[in-house]
Structure formats: structure tokens, C-alpha cells
Amino acid sequence: MTKLFGTDGIRGEAGCFPLDEKTVCAIGLALAEFAGTQGAGRILIARDTRESGPWIADRLSRGLACRGVSALHDLGVMPTAGLAYLTRARGYDLGIMISASHNPYRDNGIKLFSGDGFKISDDREIEIERSIESWRTAPAVSARHGPAGLEKRESLASEYLDFLSRLAGTRLEPLRVGLDVCNGAAYLLAPRLFRRLGAEVTVINDRPDGRNINRDCGSLHLEGLTRAVKDNSLDLGVAFDGDADRALFITGSGKCLDGDHTLYALSRHWKADGTLAGGRVVGTIMSNLALEKALIREGIPLIRTPVGDKHVLQAMQATGAVLGGEPSGHMILSDLHTTGDGLLTAVKLAELLVGRGASLDDLVAGYRPFPQVLDGLRVSRRVPIDQSPELSRLIGDAQAQLSDSGRMVVRYSGTEPLLRIMAEGRELALVQATVDKLKHEASQFFDSLE
């Protein structure tokens, strides 16, 4: 059986397996069975602004409806975190988000949330995959099977805004905020939220047409927001991704900040306020070494996990930490929400600027990331690193070259035939030379296997 679930749901090019019409219908049939085992079969669906979202929702709902789902409701365009909140708050058994996050518009995906507002577990994903496979190969399954039965519930968006507004600890005036809403899921709600909280708001990329989501905008392309911040003398810029579960920031001086900067700013001030429960922060293996050293100076341990917000959340639950995230800008504030929420993260960071009377440049002045080099080597086969003495030796020699002033992470891509190499250290020239040498030697190693 082909594995369908990746690190964040099912994802692919819309119209192609596993998001071809027949498989999407089979996914709906399988999810109806899953929801029925969780409760009465009440399901909530949302999507971002991709042109494929409506037909995927339609085909999913046809599969769901023909299996007797008792309530099948459509939020329309909504951030992923809004779906998660409303699934829990409104007592649904399952939340389905149709989005491919930061990917181009041709891609789409399906993310699943249990009735408690958390993403479903790996074990549940395996169960659902088996059911999808059995339905997909059933001769009677049709992409147009059953009536759609999808009832609109777009008015629930106001409840999500109310939830975020209640979590705001202060009004945000006289803050001047720029929002790059990425022509994505936050294009309506993010400006409404910040204006409700009293900020003066400048918005860019808020004209979605189904194909311009993430195109030269949002968290992957910060140039436009940086110009907007400088040209309008704004205090803060916020860039969301397609489904708004992550956010990156621009300071008033035009400096681009990633998720490591956000972890640093929030954690040190929460510690000073006595609200950093657990006294520690969770990052991933991709979090910059300089962040770890900066947090140590503040008396805050950094726990590292594999890449992926599921791993971050699991470590937070195991250690009692309430703050975790990734350099991509995906932050989890677990005492406030069950999943990453770019709007919530932006509000809490904006609060610091107002409450401290400081600029964002001031809040992150104590953290200066080490230079980092990312590279990759295309491979024909994935040799387990821990089972190859030669490959392990090459990586160990490279790490030794960086010594204690640097760090290296080598791993296979989860979606491409690539060996990914990340290295960082105090001196860029040494880091680059180390990566180049390892890439050359690793290429020779893989060539020898042919």
C-alpha cells in the first residue's frame, strides 16, 4: 500500500493521486467511518483559497454523506487553526482542512483534527490509510458518489475571532502593523482581528484568485512586506503562509525574523513575567545553534526534536513546556491553543511591543543567528546513515571540522530523493567549505554503490 500521510496530512498535486477525484471520494468514505467511531459523525470542513479547494470539498463530502454522517458543515475559507478551534469548541468529531500550506496553488492537501482540536495521531493515520485503500480499490466507488450534503457555516468565523480577541492581553494601539496575508486563508480574518484590537493596519496580497496563493508573497517571499514596512514607517510586519498556521516577522528597521527569533522574544519575556510554564522551550534539529546558546544565557533550556510540528507538540506535552516551534514560523502556544496559529503568534508578539514599549529590533537584540548553509545531494537510494560506517564517518569528520563552534544535521528528505545537509557556525567560510567537502565526499560514496 502506498503511504498517503506525510509529515502534515495528505498532500500532492490536485487532480493527481492521491488527490485525484476517485481517491478523494475514497478518503471521504474512510473518514466517515473514522468519525463514526469517534462519536455521532459530525464533521467540519474548511479550506484555503486554492482553486482546487471547492471541488475537493465536494468530492470529500459526497463520500462522507453517503456513509450516514449526521452533520456535515462547511466553514469556507478559514485558517487551519480556526478550523481546529471550532472543531473542539463546537463539539465536532472531526475537522478536515483542505490546504497545502506554503506549497504552490497546483498542490493541495488534507489535514485532519480530532474532536479535541489536536491533529490525529500516527496510529489513527495508519488506520485511515488502510480504509482509504480498501475503498479506493472497490469497484463501486465513484468520484460522484452520493449527494454532497455540505451545509454552509461561514458565520462561525466570528467565533474564532472572538476567541483570538479574548486571548489578547492588551489593546494594540498605537501600533502600526503591516500584514502580508499571502492571498491565502487569512486574507479576511487577519486584518479584521488586528483592527478590532486597535492596531493601524496596512494589508498587502489580499486579492486571492485561486492561483496566486503563496506566489511571490507571504512567509516564503518577504521582500514585498519589507518594502511595505519601510515605505509606511510601520512598527511590525507579519507574513503568513497559505493556511496561516505560521508567521514570520519584519522589524521596523526592515530586518527579517524567523521562528527562532520568535521563540527567543516570547520565551525570555514570558520567563520574566513568570508565565513560561515548564521553564523550557522546544525547538527542532533545525533551530539555530546560536538560539540554544542565547537561551542558555537566559537560563532557558532548549529541547530539540525531529522536524515537524507533531514532534514539537509531543515533546511539549512530555516536558510541560508551553512554547515550541520551528524556524519556518510554525509556533505552538499550548496553554492557549492546540495547534500552531500564525494569527495568535502575531498577536502575542505585538503585545510585547506595546506592553514593553520597545521595538521588535530591541526585543531580539540578544540573539544573533550563526551563519547557516543548506544544501542537498540527489541520491538514487537511501542508505540508512546509522547503518553505514563509511557515511557515518564522513559526517562525523565534517562535524569535527566545525568543532564546538558549529553544528551539522544530515538527513534524507521526506518528499524528495535528496540527502539534505545543514551546517552552521560562527564563521561562514568554514561552514561553507565543510558543507562543500561533505557533499563531494558523499557523492563519491553514493556513486560507489552503483
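Everything below is about the structure printed above this text.
Residues numbered from 1 in each chain as written. Predicted model: local features only at pLDDT ≥ 70, side-chain atom pairs only at ≥ 80, totals over all residues. Heavy atoms only, no water.

Trainee: Explain the overall build of the chain to me, and be specific about the residues and the numbers.
Mentor: Across its full length, the chain holds 14 helices and 19 strands. Relative to the globule expectation of 22 Å for 450 residues, the C-alpha radius of gyration of the chain, 22 Å, shows essentially globular dimensions. The dimensions of the chain, computed from C-alpha atoms along their principal axes, are 65 × 60 × 40 Å. Counting every position in the chain, which comprises 450 residues, the buried fraction comes to 56%. With 53 positive and 58 negative side-chain charges, the chain shows a spacing of 2 Å between the two charge centroids. (Helix = DSSP H or I, 4+ residues; strand = E, 2+ residues; numbered from the N terminus. Rg over C-alpha atoms; globule rule 2.2 N^0.38 Å. Buried < 20%, exposed > 50% of the residue type's maximum accessible area, 1.4 Å probe, protein only. Lys, Arg positive; Asp, Glu negative; His and termini not counted. Charge placed at Lys NZ, Arg CZ, Asp CG, Glu CD.)

Trainee: Lay out the pattern of salt bridges with the relevant residues and their values.
Mentor: Scanning all chains against the criterion turns up 32 salt bridges. A salt bridge links arginine 11 to aspartate 8; the shortest N-O distance between them is 4.0 Å. Across the pair glutamate 173 and arginine 171 runs a salt bridge whose closest N-O atoms are separated by 3.2 Å. Several salt bridges share partner residues, and in doing so they unite Asp8, Arg11, Lys111, Lys119, Asp243, Asp245 and Asp309 into one network. (Salt bridge = Lys/Arg side-chain N within 4 Å of Asp/Glu carboxyl O.)

Trainee: Report on the sheet that holds strand E7 (residues 151-152), specifying residues and quantitative values.
Mentor: Read from one edge of the open sheet, 7 strands run E1-E2-E6-E5-E3-E4-E7, paired in mixed fashion. Either end of the sheet is taken by a strand with one partner, and the two such strands are strand E1 (5-6) and E7. Of the pairings in the sheet, the one linking strand E3 (residues 42-47) to strand E4 (residues 71-77) comprises 5 bridges and is parallel in character. Residue pairing across strands places arginine 47 opposite valine 77, the latter belonging to E4. Contacts between helix H2 (residues 53-65) and the sheet are confined to E3, E4, strand E5 (94-98) and strand E6 (107-114), with E5 contributing the most and set at about 150 degrees to the helix. (Pairing = 2+ DSSP bridges. Contact = heavy atoms within 4.5 Å. Axes fitted to C-alpha atoms, helices over the stretch in contact; angles between N-to-C directions.)

Trainee: So what's going on with the side chain of glutamate 424? Which residues, and what values?
Mentor: As for its placement among the helices and strands, glutamate 424 is situated in strand E19 (residues 418-425). At 3.3 Å, the side chain of glutamate 424 forms a polar contact with the side chain of asparagine 288. Among the polar contacts made by the side chain of glutamate 424, one reaches the main-chain amide nitrogen of leucine 289 at a distance of 2.6 Å. Among all residues touching glutamate 424, those that are not within four sequence positions of it are Ser287, Asn288, Leu289, Pro371, Gln372, Leu402, Ser405, Gly406, Arg407 and Val431. (Polar contact = N/O pair within 3.5 Å; in protein donor to acceptor, adjacent residues only side chain to side chain.)

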